[in-house]
Amino acid sequence: MRIARFSIDGNVAFGAVEGDRPDELVLDIIKGIPFADFELSGTKVPLSKVRLLPPVLPNKVVAFGRNYAEHARELGNEVPDAPFAFFKPSTSVIGPGDEIQYPSFSEELHHEAELAVVIGRLCREVPRERVADVIFGYTCANDVTARDVQRREKQWARAKGFDSSCPLGPWVETDLDLTRASDLTIQLTVNGEQRQLGRTSEMIHPIEDLIVNISEAMTLLPGDVILTGTPAGVGPLTVGDEVAVTIEGIGTLTNKVVKRG
């Protein structure tokens, strides 16, 4: 099931996305919230009539860096022996169609296509064999990075945590099992030109290891998001660019870069 979060006539709701052709997609509005038992209302709204929002509002976004060997090498970094985590604040999250605001303190903004894992239940110290039980679903992400700031400041809070640096969407796909999610095509285009192309099977540390690693240290809440790293091919974004992340079996997340007002 594809679960979207949307607004219509000033109201915000979740809905199940139905249909195959982009111009015929509809939302069956969900009664309640998708992280608990819910029912479909049967009230359906054309997707073209709503504004898609970030599919979840995470309490925290935990991101893992240098989790694809070729990406680590392309930036001159060593491949880490263990998962390497950092955080993006909830204020960095935007949805499909929202604008990526080029930060005034950077002159080198980069795209990073990533598979995002959405947590479905409160959990801590998750054993590897139970990881699938705590996953709600998967969505597309773009770990937008002020690369010059990242190099200059060494730690990544401003470089990767600025407002609008975490586009998520267009919805959460809940029907992918962990085995399938671990071998998906992930690609990114800028103005229609392919920049990144890889497979999630190229991760150094698989999804199970990432969730075990971070849940050893902290409690994960329903709606929290885990970013799993980016394949090689990261590169610059400029004002006016349209950047699209497409992940097999999930969908396409598209955002435009604008000058920060």
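Keep in mind the model is a prediction, meaning the values are calculated, not measured.

**Q** Describe the sheet that holds strand β10 (residues 109–111), with residues and values.
**A** Taken together, 3 strands build an open sheet; the order of strands is β13-β10-β18 and the sheet is antiparallel. Looking at the sheet topology across the chains shown, the edges are occupied by β13 (145–146) and β18 (235–237). Pairing of β10 with β13 involves 2 bridges; the strand directions are antiparallel. Bridged to L109 within β13 is A146.

**Q** Talk me through the sheet that holds strand β9 (residues 99–102); I want residue IDs and the actual numbers.
**A** Read from one edge to the other, the open sheet built from 5 strands follows the order β9-β20-β19-β15-β16, with strand pairing classed as mixed. In this open sheet, the two edge strands, each paired with only one partner strand, are β9 and β16 (193–199). Going from strand to strand, the sheet's axes swing by 20 degrees on average, the running direction of each strand aside. As paired strands, strand β19 (residues 242–247) and strand β20 (residues 251–259) are joined by 6 bridges and run antiparallel to one another. Note that in β20 the partner of E242 across the bridge is K256.

**Q** Would you mind going over the layout of surface pockets in detail, with residue names and values included?
**A** One number sums up the size of the largest pocket: a volume of about 280 Å³. Around the largest pocket sit 18 residues that line it, and R66, L75, N77, Q150 and W156 are the ones nearest its centre. Among the elements that make up the lining of the largest pocket, the one with the highest residue count is helix α3 (residues 147–153) (3 residues). For the lining of the largest pocket, a count of residues per class yields 4 nonpolar, 6 polar and 8 charged. If you add up the space inside the second largest pocket, you get close to 160 Å³. Around the second largest pocket sit R2, D20, P22, D23, E24, L25, V26, P46, L47, S48 and W171, which together line it. Split into classes, the residues belonging to the lining of the second largest pocket amount to 6 nonpolar, 1 polar and 4 charged.

**Q** Outline helix α6 (residues 207–215), listing residues and values.
**A** With respect to burial, α6 is a largely interior element, 7 of its 9 residues being buried. Three or more residues of α6 are buried, namely I207, E208, L210, I211, V212, I214 and S215.

**Q** Account for the side chain of R147, with residues named and values stated.
**A** Relative to the assigned elements, R147 resides in helix α3. Overall, the relative accessible area of 3% leaves R147 in the buried class. Discounting residues that sit within four places of it in the chain, R147 has contacts with H71, L75, E108, H110, E112, K160 and V234.

**Q** Break down the packing of aromatic side chains for me, citing the residues and quoting the values.
**A** Considering all chains together, one arrives at 4 aromatic pairs under this definition. Ring plane angle 65 degrees and centroid distance 5.3 Å describe the contact between F84 and W156, whose orientation is recorded as edge-to-face. Remark: W156 occurs in the loop between α3 and α4 (157–161) and F84 occurs in the loop between α1 (69–74) and β7 (85–88); sequence separation between them is 72 residues. By way of ring pairs, the aromatic residues F84, F86 and W156 are connected into one cluster. Sitting over the ring of F84, R66 keeps its end group 5.5 Å from the ring centre.

**Q** I'd love a proper account of unusual backbone geometry, names of residues and values included.
**A** The peptide bond linking G169 to P170 adopts the cis configuration, its omega dihedral lying at 5 degrees. Along the polypeptide, P170 turns up in strand β14 (residues 166–173). The backbone of R66 shows a phi angle near 55 degrees, a positive value even though the residue is not glycine.

Analysis parameters
- Residues numbered from 1 in each chain as written.
- Predicted model: local features only at pLDDT ≥ 70, side-chain atom pairs only at ≥ 80, totals over all residues.
- Heavy atoms only, no water.
- Pairing = 2+ DSSP bridges.
- Helix = DSSP H or I, 4+ residues; strand = E, 2+ residues; numbered from the N terminus.
- Axes fitted to C-alpha atoms, helices over the stretch in contact; angles between N-to-C directions.
- 1 Å grid on protein atoms, 1.4 Å probe; cavity = no way out; pocket = protein on both sides within 12 Å on 5 of 7 lines; lining within 4 Å.
- Points joined across faces, edges and corners; volume = space filled by probe spheres on them.
- Nonpolar A, V, L, I, M, F, W, Y, C, P; charged D, E, K, R; others polar.
- Buried < 20%, exposed > 50% of the residue type's maximum accessible area, 1.4 Å probe, protein only.
- Contact = heavy atoms within 4.5 Å.
- Phe/Tyr/Trp six-rings, centres within 6.5 Å; stacked < 30°, edge-to-face > 60°.
- Lys NZ or Arg CZ within 6 Å of the ring centre and 35° of its normal.

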